[in-house]
Amino acid sequence: MEISVRHRPFILLTIVVAAQVLLIAFQVRHSDRGQRDVPLVRYWAAALVTPIERAGTWTFSKIGGIWTGYVALHSTREENLRLRSENDQLKLRNRQLETEAGEAQRLSALWNFRQAHPEAPMMAAQVLGSSPAMISAQIIGASADPNSHTMFINRGDHDRIRRNMGVITPDGVVGKIVEVFPNTAQVLLITDKDSGVGALFADTRTHGVVKGTGDPQPRLDYVVNDEKVQIDEEIITSGEDRIFPKGLPIGTVGEAKPANPFQMIHVKPAARLDRLEDVLILTTMQDVNLKKADDSAPAPNGAPVPTSNVPTSQNPAAPMKSAAKAATGAGPQP
Amino acid sequence: MSLLFSTGMHSDSKVEVHKFYGGTIVGAAILALVLQAFLHKFGQWSELIELPLLVTIYFGVSRRNPVSGLLLGAAIGILQDGLSHDNPIGLYGIAKTLVGYFASSVGAKIDTEHPIARFGLVFVLFHFHQAVLAITQRALLSRSAPIFNLHLLIESLVNAGFAVLFFAVLDRLRKPR
């Protein structure tokens with residue numbers, strides 16, 4: 001039977017469609033039985049398409065990477081500049097906060113120091129009160145003269161600062177006020193050659209005078225050669241200079257050797273004089289508790305011990321007059 | 001069977017039959033399937049475009065040979081079924097077989113080179129394709145599938161509009177006269 005030329009495509013269409021209908025019926029029947037349908041067709045389809053898809057995905061990811069990594073970075077420069085600026089600001093802020101934190105730590109140390117010395121009336125710490133006995137101050141400058149060991153603080157006459165007030169830190173004695181200006185004051189450090197502080201050994205109670213030499217280490221004078229001095233022995237204020245209360249640390253013995261007529265004793269200052277930032281000013285020097293000092297150096301009538309009355313047991317009178325003079329300092333007197 | 005395949009080569013002598021470089025039709029069909037599967041990763045908007053259907057229509061219309069058109073449609077449809085998870089093999093196969101056949105038949109009768117003609121042809125064949133799919137699913141799989149709704153209308157318009165551009169690109173794959 002010859003098939004009409006016009007009808008041949010239609011017949012083929014019918015066959016193809018019918019075959020697929022049968023194929024669907026076959027799959028429906030198999031799926032009802034829980035069996036898999038024609039997996040071969042799916043396998044071929046996947047085998048044909050998935051490698052290309054994988055390649056396409058790889059290509060797209062690479063193109064996307066190039067785009068996001070290079071082309072789309074046109075705004076990154078502005079963003080980078082903005083972030084750098086922000087980073088600089090944060091660095092500055094961080095530095096400021098670190099400085100404030102350090103300051104708070106130092107002030108906390110000062111406060112602890114004040115709390116640790118409640119027994120001394122002149123140190124009845126009153127940093128924030130109305131009649132300050134001890135005022136905190138900040139070092140704002142130093143002397144332009146390298147031979148002059150002085151510092152400037154941010155407290156002055158307006159803060160009721162007066163000459164010869166003692167200046168200390170929680171670590172130990174710093175010096176005394178030698179000049180007062182309306183808003184600032186000049187501090188003579190114990191290392192200055194014009195400085196002198198009445199002192200005694202914490203263990204042996206031997207008296208002397210710590211005098212500045214112009215070097216980083218002052219000298220303890222008027223200690224006789226017979227006195228046995230230990231290295232690192234602690235030296236404290238004797239209170240005889242009427243500037244510092246008794247018992248404040250001055251430093252420790254750095255070196256001691258016999259000399260004529262007294263021992264040559266170098267003192268390592270307790271306060272870190274090379275990196276001072278905050279100090280305390282003792283404002284009530286008239287109230288120095290000399291009664292306690294009487295325990296070691298009794299006064300005849302209970303009056304404050306004059307600096308000339310330094311222990312007579314170890315020191316001759318004449319040197320002690322010099323000691324007293326040195327202890328009061330060579331700076332201007334009130 | 002060989003007689004069946006050979007008879008379809010005769011088309012209307014008044015309408016030009018376009019030829020393509022070797023492997024173009026197969027390559028374009030596979031690429032359409034790949035892109036269809038690949039683009040589905042990028043969200044629902046990509047599902048609006050039915051690339052395998054557009055390729056079936058284009059090559060059916062261009063070749064103007066009902067036999068090659070129906071066979072190309074059957075192959076593309078079966079592979080599309082193969083790539084789906086829940087469609088039985090033959091669902092899209094039947095629909096695209098018919099689309100390929102009718103696209104070739106229409107292409108053999110009228111000139112479909114004009115964009116408006118292409119737009120209209122794709123619009124009609126898209127709905128025909130959906131109708132066959134819906135009927136097949138209802139009849140053979142007892143699935144409810146819409147024959148026509150607003151979403152399908154929008155989809156058909158999108159495909160018809162896209163086909164105008166897409167066919168213009170595919171035109172460049174033709175062999176010069």
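Not measured: the values here are computed from a predicted model.

(A) Seen up close, the overall build of chain B. Looking only at helices and strands, chain B has seven helices and zero strands in total. Sorting the 177 residues of chain B into buried and exposed places 45% on the buried side. Sequence-distant contacts, at least 24 apart, represent 68% of the contacts inside chain B between residues at least 6 apart.

(B) Structural view of the overall build of chain A. Looking only at helices and strands, one finds five helices and 12 strands in chain A. Per-residue burial for chain A yields a buried fraction of 35% across its 334 residues. The contacts in chain A between residues at least 6 apart in sequence include a share of 57% that link residues at least 24 apart.

(C) Layout of the sheet that holds strand S2 (residues 150-153) of chain A. Residues and elements named next belong to chain A. In spatial order, the strands read S1-S2-S5-S4-S3-S12; together these six strands close into a barrel with antiparallel pairing. The sheet shows a mean angle of 45° between the axes of neighbouring strands, taken without regard to direction. Relative to strand S12 (residues 278-282), strand S1 (residues 134-142) is paired through five bridges, and the arrangement is antiparallel. Directly across from serine 136, in S12, lies its bridge partner leucine 280. Its contacts with the sheet put helix H3 (residues 76-116) on S1 and S12, and the angle it makes with S12 is roughly 30°.

(D) Here's a closer look at the confidence of the model for chain A. The predicted model of chain A averages 75 in pLDDT, with 74% of residues at 70 or higher. A low-confidence stretch, residues 120-132 of chain A stays under pLDDT 50, and its non-local contacts, those more than four residues away or across chains, total 32 contacts.

(E) Expanded view of the nonpolar core. Counting residues in hydrophobic clusters, the biggest one holds 51 residues, and the most contacted among them are B:Leu33, B:Leu54, B:Val55 and B:Ile57. Of all elements in the fold, only helix H1 (8-32) and helix H2 (39-69) of chain A together with helix H2 (24-39), helix H3 (51-63), helix H4 (66-83), helix H5 (91-109), helix H6 (115-141) and helix H7 (150-170) of chain B reach the threshold of two or more residues within this core. Ignoring sequence-local partners within four residues, the contact set of B:Leu33 consists of A:Val49, B:Pro52, B:Ile76, B:Leu79, B:Gln80 and B:Leu83. Of all hydrophobic cores here, the second largest spans 48 residues; its members include A:Met134, A:Ile135, A:Ala199 and A:Leu280.

(F) Representation of the packing of H5(B) against H6(B) within the structure. All names here are of chain B. Running from amino to carboxyl end, H5 crosses H6 at an angle of 150°, the nearest separation of the two axes being 9 Å. As H5 runs across H6, the sense of the crossing is right-handed. Mapping the contact onto sequence places Leu91, Ile94, Ala95, Leu98, Val99, Phe102, Ala103 and Val106 in H5 and Leu121, Leu125, Phe128, His129, Val132, Leu133, Thr136 and Gln137 in H6. In the contact of H5 with H6, the residues fall into 13 nonpolar, three polar and no charged.

(G) The arrangement of the sheet that holds strand S11 (residues 264-269) of chain A in detail. Residue and element names in this part refer to chain A. What the six strands build is a closed barrel, ordered S6-S7-S8-S11-S10-S9; its pairing is antiparallel. When the angles between neighbouring strand axes are averaged without regard to direction, this sheet yields 45°. Where strand S10 (residues 249-257) lies against S11, six bridges are found, and the strand directions are antiparallel. Bridging from a neighbouring strand, threonine 252 pairs with lysine 268 of S11.

(H) Main features of the interface of chain A and chain B. Tallying the contact residues gives 28 residues for chain A and 29 residues for chain B. When residues of the side of chain A that touches chain B are assigned to their parent elements, the largest contribution, 14 residues, is made by H1(A). Grouping the constituent residues of the side of chain A that touches chain B by class yields 21 nonpolar, three polar and four charged.

(I) Summary view of H5(B). Helix length check: H5(B) (19 residues) gives 28 Å between terminal C-alpha atoms against 27 Å at 1.5 Å per residue, within 8%. The element H5(B) is extensively covered by neighbouring structure, given that 18 of its 19 residues are classed as buried.

(J) Just the confidence of the model for chain B, in detail. Residues and elements named next belong to chain B. Across chain B, the average pLDDT comes to 84, with 86% of residues at 70 or higher. Ignoring residues within four places in sequence, the model shows residues 1-12, a span with pLDDT below 50, making 23 contacts including any to other chains. Note on the complex model: pTM 0.48, ipTM 0.83.

(K) Highlighting the packing of H3(B) against H6(B). All names here are of chain B. Packing of H3 against H6 leaves a shortest axis separation of 11 Å and a crossing angle of 125°. On the basis of the axis angle, H3 is oblique to H6. Considering only the axes of H3 and H6, their crossing is right-handed. The residues of H6 that touch H3, namely those facing Leu53, Leu54, Ile57 and Val61, are Leu121, Val122, Leu125, Phe126 and His129. Broken down by class, the residue content of the contact of H3 with H6 amounts to eight nonpolar, one polar and no charged.

(L) Highlighting the pairing of strand S7 (residues 207-211) of chain A. All names here are of chain A. With five of five residues buried, S7 lies mostly within the body of the structure. In the sheet, strand S6 (residues 196-201) pairs with S7 via five bridges, with the strands oriented antiparallel. Looking at S7, one finds that valine 197 is bridged to valine 210. Between S6 and S7, which pair antiparallel in sequence order, lie five residues; one of them, arginine 205, sits at a positive phi of approximately 60°.

(M) Spatial organisation of the pairing of strand S5 (residues 185-189) of chain A. Residues and elements named next belong to chain A. When you tally the buried positions in S5, you get five out of five residues, the bulk of the element. Neither face of S5 is left uncovered, since the one carrying Ala185, Val187 and Leu189 and the one carrying Gln186 and Leu188 both have all their residues buried. Two strands pair when backbone bridges link them, and S2 and S5 are joined in this way by four bridges, in the antiparallel orientation. For phenylalanine 152, the partnering residue across the bridge sits in S5 and is glutamine 186. In this structure, strand S4 (residues 173-180) lies alongside S5, joined through five bridges in antiparallel fashion. Looking at S5, one finds that isoleucine 177 is bridged to valine 187. Counting the residues in the hairpin turn of S4 and S5 gives four residues.

(N) Geometry of unusual backbone geometry. Residue and element names in this part refer to chain A. At the junction of asparagine 260 and proline 261, the peptide bond is cis and its omega measures out at 0° in the coordinates. For proline 261, the position within the fold is in the loop between S10 and S11. Located in the positive-phi region is tyrosine 222, a residue other than glycine, with phi close to 65°. Tracing the backbone shows tyrosine 222 in the loop between strand S8 (219-221) and strand S9 (234-237). Overall, the presence of 24 C-beta atoms within 10 Å leaves tyrosine 222 in the buried class. One non-glycine residue, aspartate 232, lies in the positive phi region at around 70°. If you trace the backbone, aspartate 232 turns up in the loop between S8 and S9.

Reading the values: rules and limits
Residues numbered from 1 in each chain as written. Chains lettered and ligands numbered in written order. Predicted model: local features only at pLDDT ≥ 70, side-chain atom pairs only at ≥ 80, totals over all residues. Helix = DSSP H or I, 4+ residues; strand = E, 2+ residues; numbered from the N terminus. Buried ≥ 20, exposed ≤ 12 C-beta atoms within 10 Å, placed from the backbone. Contact = placed C-beta atoms within 7 Å. Pairing = 2+ DSSP bridges. Axes fitted to C-alpha atoms, helices over the stretch in contact; angles between N-to-C directions. pLDDT = per-residue confidence, 0-100. Core = buried A, V, L, I, M, F, W, Y, C linked by C-beta atoms within 7 Å. Left-handed = near helix turned anticlockwise from the far one by under 90°. Nonpolar A, V, L, I, M, F, W, Y, C, P; charged D, E, K, R; others polar. Expected span 1.5 Å × (residues − 1). Parallel < 35°, antiparallel > 145°, perpendicular 65-115°, else oblique.

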